[in-house]
There are 2 protein chains.
Amino acid sequence: MRVGDRHFRAVWWEDGPVRFIDQRLLPHKFEIASARSYAEVENAIREMGVRGAPTIGVMAAHGLAIAARDGEKIEHAYGTLQAARPTAVNLRVGLDAVMSHTDSPERALEAARAHDDAEVSAAEAIGRMGVELMSQGTRVATHCNAGWLAAQDWGTALSLIYRAERDGKMPHIYAGETRPRLQGSRITAWELGQEGVSYEIVADSAMASLMRRGLIDLVITGADCIAANGDVANKIGTYPLALAAREHEVPFYVAAPLTTFDRAVATGDEIPIEERSPDEVLTAEGVDAAGDSVRIRIAPADATAINPAFDITPAGLVSGLISEAGIVPASTAGIERAFGAAA
Amino acid sequence: MRVGDRHFRAVWWEDGPVRFIDQRLLPHKFEIASARSYAEVENAIREMGVRGAPTIGVMAAHGLAIAARDGEKIEHAYGTLQAARPTAVNLRVGLDAVMSHTDSPERALEAARAHDDAEVSAAEAIGRMGVELMSQGTRVATHCNAGWLAAQDWGTALSLIYRAERDGKMPHIYAGETRPRLQGSRITAWELGQEGVSYEIVADSAMASLMRRGLIDLVITGADCIAANGDVANKIGTYPLALAAREHEVPFYVAAPLTTFDRAVATGDEIPIEERSPDEVLTAEGVDAAGDSVRIRIAPADATAINPAFDITPAGLVSGLISEAGIVPASTAGIERAFGAAA
């Protein structure tokens, strides 16, 4: 997708290091960073320089290829990379795509690049498959960032939006700001601005009242992991959005590539939920009047916070799952059908 | 309530000016400000130096008494003060308490002070009436600030908490941070810390998942206006909290003095909802590493936002209304009973 008039992916291989757009600095600075070792790849994932379930899978795949090239202990590299973030299943899928080729550095890199290209194709297909949900001027609420920085080149939820925009449907997006890390205000807003899509930012807790006022036609979010029964783990705040959508009969869809589905996990209750530092809630990051990056403390000096990074949305609240295999019900049967169609 | 080892109200009369704790500076600075004219009172309310429905009613009452003393045009002063914030009915109630006495500056001031004392009594009674809802170690979620800074001396929702704490019940509070102005992280956290009450701050959108995990026994919020049918206008984010509470069968109570009830308003749909500046959503305020106050920009420079300051929680989601008249159902009959008991 576009940054100014150039085309970028979130992560790409460039003759040795893996390059990535440092998502911590957006929207205030557009900076390309490098990871030269698998340890640097792990750090970029853990510290959220690279984020978004499909994108971290691609990043991890490249990390394992770097480990193979560098003659590192592969099992150890695999374990380290997998532990960087616990919730997104894509991380393991990306590693597994490379793991059986690590005896040859060339083939390991080839496997990582193939995984990358497959994720780009899946993200593009999600938009094509899902765009039928969008009419002229559809007003769509989304949460966190499920755009091209989260899922290489097209995104998941935002892939539908970009497709609809190109089809001349002129969608309008309500982007939830997504406390505590504000991926909505920072990254989704930046992506939509670069692509010229109409949007407004909304405090997360205001979405329900916008639905009550009839301002939202459709909710689409991404996912970090989808269980075999259709339960969805996604960024904290997805679940209350789904509760509000049901109350107001607003369709609630989840968009994700098949790499985000974990059929080995029976229900959402089995998905490990990452607890992140209380500091994320007690502070906020942005730029001051001079344009310099600054982290401010909001709460009293001795305050504490509880900071689960994800929540579980039960399948019963999900109108449908959109993947490269089309739109299916959020159920075991629906998911089996999607995998059958893709096979 | 306590600030260190001294006792303060949010607003008080001091031989001429009305003094107030400037709530915009909390928790980082404790500063007492003065309003010397009714225009300065209006400004303190509009700019949220003073906030919380009952407290702004007391502040406005003093403003009208100052206008009477200064020989201002009373009708104009009334209109200006009432327009400072549109949603809280208490603003008008505070003004009306003084209005019929404005021909005598002394009696106007007396009426303002009587209104103040009545609000303190009501806030204290709310805690006494509602504390039966609290058992040993009850884990209570609250939103925004419904403490002694919002309702003179005791608070509304937090009046129950302070009473329970004094009764040795050791409650634990989950304080929703309350974007965009973060009254939960800033003010509720500060109040609870000063009173030694156990608490953790939570991103607003994480409350539903805490309920799903069984961590919350009870939700109590304040209100800015309660309609004749029991619909509640309160800080944006109250409504999704009520939806989540219903889903998880967590009792959801609203605490407010009778001055917050507007029986002239049939339902919540008739309550005017204040829209505040998009800048509140696009920025955040706190202190930097040096302890200096700073406002940071989060979103891209050209971003826009939609920022309703309140939402409506339908009476059907409210387990009960707690006022100085006791606990009643959130219904026309319940509200009539409360006013009957108080008469």
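Worth saying up front: this structure is predicted, and the values here are computed from it rather than measured.

Undergrad: Looking at this structure, how should I read the overall build of chain A?
TA: Within chain A, the secondary structure is distributed over eleven helices and 19 strands. For chain A, whose C-alpha radius of gyration is 19 Å, the value lies close to the compact-globule estimate of 20 Å for 343 residues. The principal-axis extent of the C-alpha atoms belonging to chain A is close to 60 × 55 × 40 Å. Considering chain A as a whole, with its 343 residues, one finds that 64% of them fall into the buried category. Carbon and sulfur atoms make up 48% of the accessible area of chain A, which amounts to about 11600 Å² in all.

Undergrad: Hey, could you run me through helix α7 (residues 183-195) of chain B in this one?
TA: In an α-helix, one turn spans 3.6 residues, which is why side chains three or four residues apart end up on the same side. Residue and element names in this part refer to chain B. The end-to-end C-alpha distance of α7 is 17 Å, a good match for the 18 Å that 13 residues give at a rise of 1.5 Å each. Maximum bend of α7: about 25°, positioned at alanine 189. The buried fraction of α7 is high, at eleven of 13 residues. Within the span of α7, buried status applies to Gln183, Gly184, Ser185, Arg186, Ile187, Thr188, Ala189, Trp190, Glu191, Leu192 and Glu195. Each element contacted by the buried residues of α7 is listed here: β1 (2-3), β6 (139-142), α6 (157-166), β7 (172-176), β8 (198-202) and β11 (232-235). A positive phi of about 75° marks glycine 196, the residue just after α7.

Undergrad: Would you mind going over the side chain of A:Thr283 with me for this structure?
TA: All names here are of chain A. Residue position: threonine 283 is located in strand β14 (residues 283-287). The buried category is assigned to threonine 283, whose relative accessible area is 9%. A distance of 2.6 Å separates a polar side-chain atom of threonine 283 from the backbone oxygen of aspartate 279. Other than its neighbours up to four places away in sequence, threonine 283 contacts Arg179, Arg295, Ile296, Arg297 and Ile298.

Undergrad: How should I be thinking about the pairing of strand β9 (residues 218-221) of chain B in this particular structure?
TA: Remark: a regular strand shows side chains that alternate across the two faces of the sheet. Residue and element names in this part refer to chain B. Neither face of β9 is exposed, since Leu218 and Ile220 on one face and Val219 and Thr221 on the opposite face are all buried. Direction of pairing for β6 relative to β9: parallel, over a ladder of two bridges. Bridge pairing links valine 140 to leucine 218 in β9. Pairing of β9 with strand β12 (residues 252-255) involves three bridges; the strand directions are parallel. For isoleucine 220, the partnering residue across the bridge sits in β12 and is tyrosine 253.

Undergrad: Even after reading the chapter, I still don't get the relation of the copies chain B and chain A, so can you show me in this structure?
TA: Relating one copy of the chain to the other requires a rotation about an axis plus a shift along that axis. Turning chain B through 180° and shifting it by 0.0 Å along the axis lays it on chain A, with an RMSD of 0.0 Å. Here the copies are linked by what is in effect a two-fold axis. When the interface residues of chain B are mapped onto chain A, 100% of them again fall at the interface, so both copies present the same face.

Here is what the cut-offs are and how they apply
Residues numbered from 1 in each chain as written. Chains lettered and ligands numbered in written order. Predicted model: local features only at pLDDT ≥ 70, side-chain atom pairs only at ≥ 80, totals over all residues. Heavy atoms only, no water. Helix = DSSP H or I, 4+ residues; strand = E, 2+ residues; numbered from the N terminus. Rg over C-alpha atoms; globule rule 2.2 N^0.38 Å. Buried < 20%, exposed > 50% of the residue type's maximum accessible area, 1.4 Å probe, protein only. Areas by Shrake-Rupley, 256 points an atom, 1.4 Å probe, with all protein chains shown as cover. Expected span 1.5 Å × (residues − 1). Bend = angle between axes of the 7 residues up to and from the residue. Contact = heavy atoms within 4.5 Å. Polar contact = N/O pair within 3.5 Å; in protein donor to acceptor, adjacent residues only side chain to side chain. Pairing = 2+ DSSP bridges. Least-squares fit on C-alpha atoms with pLDDT ≥ 70 in both.

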